[in-house]
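# Coordinate analysis (summary)
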Amino acid sequence: MIKKLAVLGSTGSIGRQTLEVIREFPERFKIIALAAGSNVELLVKQALEFKPQYLVIGRQDRFLELKQRLDSFAAQLPEVKILAGVEGFTEVATLAEIDQVLTAVVGAVGIKPTLAAIMAGKIVALANKETLVAAGSIITEAARKIGVRILPVDSEHSAIFQCLEGRTPDGVSKLWLTASGGPFRSYRPSDLESVTVEQALNHPNWRMGGKITIDSATMFNKGLEIIEAHWLFGMPFDEIKVVIHPESIVHSMIQMVDGSCIAHLGLCDMRLPIQYALTFPDRLKSSFPALDFLDRIQLHFEPVNPELFPAIDLAYEVGRRGGSLPAALNAANEVAVAAFLDGKIRFTGIERIVSGVIGDHQKERFQSDPDLEEILAVDAWARRQAQRFIL
Ligand code: MG
């Protein structure tokens, strides 16, 4: 059977690698919709190759440009429908003809389309961790109620998902998330004051988009992933551990109640977890490179230095407090990372801004059991607060 897909965030790093996977298995997948944030040129190129029925551009102000570009390819794409904005993402995520939605947008902007896809009964392959961090209880509750699966694309969570397959939850005592430690793993905390955008973007192992690469350098990425794991696997925060593993070969582990560990290993190639999220429960032979144990691979593990990476303790605290606090952490981090990439703040300013917004959150009277509207309101509030720290 051909699986019909909507790919949200098709021009980003995960989106492009998703299309590489789909190109590998043309007999298994058909793309019905491609949705991108702002990259009109690449979206048109992808449309010419995959011939979707729907195209979405997130930036409303690029809609006309997309329309004009497509006019010159009218012969190749005679019936393509063009949409714009978050509403466009939501519309294609709920199309009757779609079986599965892959959400690879960056940031809390993914909340609405992801929730809509779940409510419409679509299988969701989720690469958009910010959605689970900000609205984890709403998203997972909706998936449980409707009876749809959320298949993790994040490599650590895909690894844990695969380790857990076929096991009963009461046999599992801990989840171990591995972290590369990013480019600054061996720095002293005081060295971080002067690091540049270029240094922070230089990830040792993974090829990824700008936002997640900076998140890896601060380790807010792992902080977000702790919260993501809590919601995906229903595991208490005390039983989710983080360990630095510089080679990124062990993608994560589970520990059983008898003490034994089951790990998932592979090369640092996002196409692997993307492929599994698309083909689950099947495994398909691909032409992508595979791990070779005769390649003199080395595996090292070390604890996180909390003074160098305060993001980890902060994420545990925020996750345990819950409510809308994780949404505030995520939104403040999104704003701070953008400001750092724009050269407006120092690297260490990211943590300072996130901590500041979290501190301010306690002073406001936000609901302890937030609904979607409240989550989105806190997200907007935290973005404004974070901006005030930047100006
Ligand atoms: Mg990850």
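Not measured: the values here are computed from a predicted model.

How each quantity is defined
Residues numbered from 1 in each chain as written. Predicted model: local features only at pLDDT ≥ 70, side-chain atom pairs only at ≥ 80, totals over all residues. Heavy atoms only, no water. Salt bridge = Lys/Arg side-chain N within 4 Å of Asp/Glu carboxyl O. Buried < 20%, exposed > 50% of the residue type's maximum accessible area, 1.4 Å probe, protein only. Axes fitted to C-alpha atoms, helices over the stretch in contact; angles between N-to-C directions. Helix = DSSP H or I, 4+ residues; strand = E, 2+ residues; numbered from the N terminus. Contact = heavy atoms within 4.5 Å. Nonpolar A, V, L, I, M, F, W, Y, C, P; charged D, E, K, R; others polar. Core = buried A, V, L, I, M, F, W, Y, C linked by side-chain atoms within 4.5 Å. Donors = N, O, S within 2.8 Å, 3.2 Å for Na, K, Ca; no water.

Using the criterion set out here, one finds 23 salt bridges in the structure. Note that Asp269 is salt-bridged to Arg271, the shortest N-O span being 2.9 Å. Note on Asp269: relative accessible area 11%, which makes it buried. The network of salt bridges with common partners includes Lys129, Asp154, Glu156, Lys222 and Glu225.

Here the focus is the packing of helix 6 (residues 129-146) against helix 13 (residues 325-341). At their nearest, the axes of helix 6 and helix 13 sit 7 Å apart, and the two run at 140° to each other. Counted together, Glu130, Val133 and Ala134 of helix 6 and Pro326, Ala327, Asn330 and Glu334 of helix 13 form the full contact between these two elements. Residue classes in the contact of helix 6 with helix 13 are distributed as four nonpolar, one polar and two charged.

Moving on: unusual backbone geometry. A negative phi angle is the norm for most residues apart from glycine, just as the trans form is the norm for most peptide bonds. At the junction of Phe280 and Pro281, the peptide bond is cis and its omega measures out at 5° in the coordinates. Examined against the element boundaries, Pro281 turns out to sit in the loop between helix 11 (271-279) and helix 12 (311-321). At Met219, a residue that is not glycine, the phi angle is positive and equals roughly 70°. With respect to the helices, strands and loops of the structure, Met219 is situated in the loop between helix 9 (210-218) and helix 10 (220-233). With phi around 50°, Ser248 is a residue other than glycine that occupies positive phi space. Among the secondary structure elements, Ser248 is positioned in the loop between strand 9 (240-244) and strand 10 (250-256).

Grouped together as the largest cluster of nonpolar side chains are 95 residues, with contacts concentrated most on Ile22, Leu102, Val153, Leu175, Phe347 and Ile350. The element best represented in this core is helix 13, accounting for ten residues. Setting aside chain neighbours within four positions, we find Phe347 in contact with Phe184, Leu192, Val195, Ala200, Ala217, Thr218 and Phe340. In terms of nonpolar packing, the next biggest core, distinct from the first, is built from 33 residues, Ala6, Leu83, Val124 and Ala134 among them.

Time to look at the coordination of the magnesium ion. Protein-derived coordination of the magnesium ion comes from Asp154 (OD), Glu156 (OE) and Glu225 (OE), at a distance range of 2.0 to 2.1 Å. Going along the chain, you hit the donors of the magnesium ion in the pattern D-x1-E-x68-E. Among the residues examined, Glu156 registers a relative accessible area of 9% and is labelled buried.

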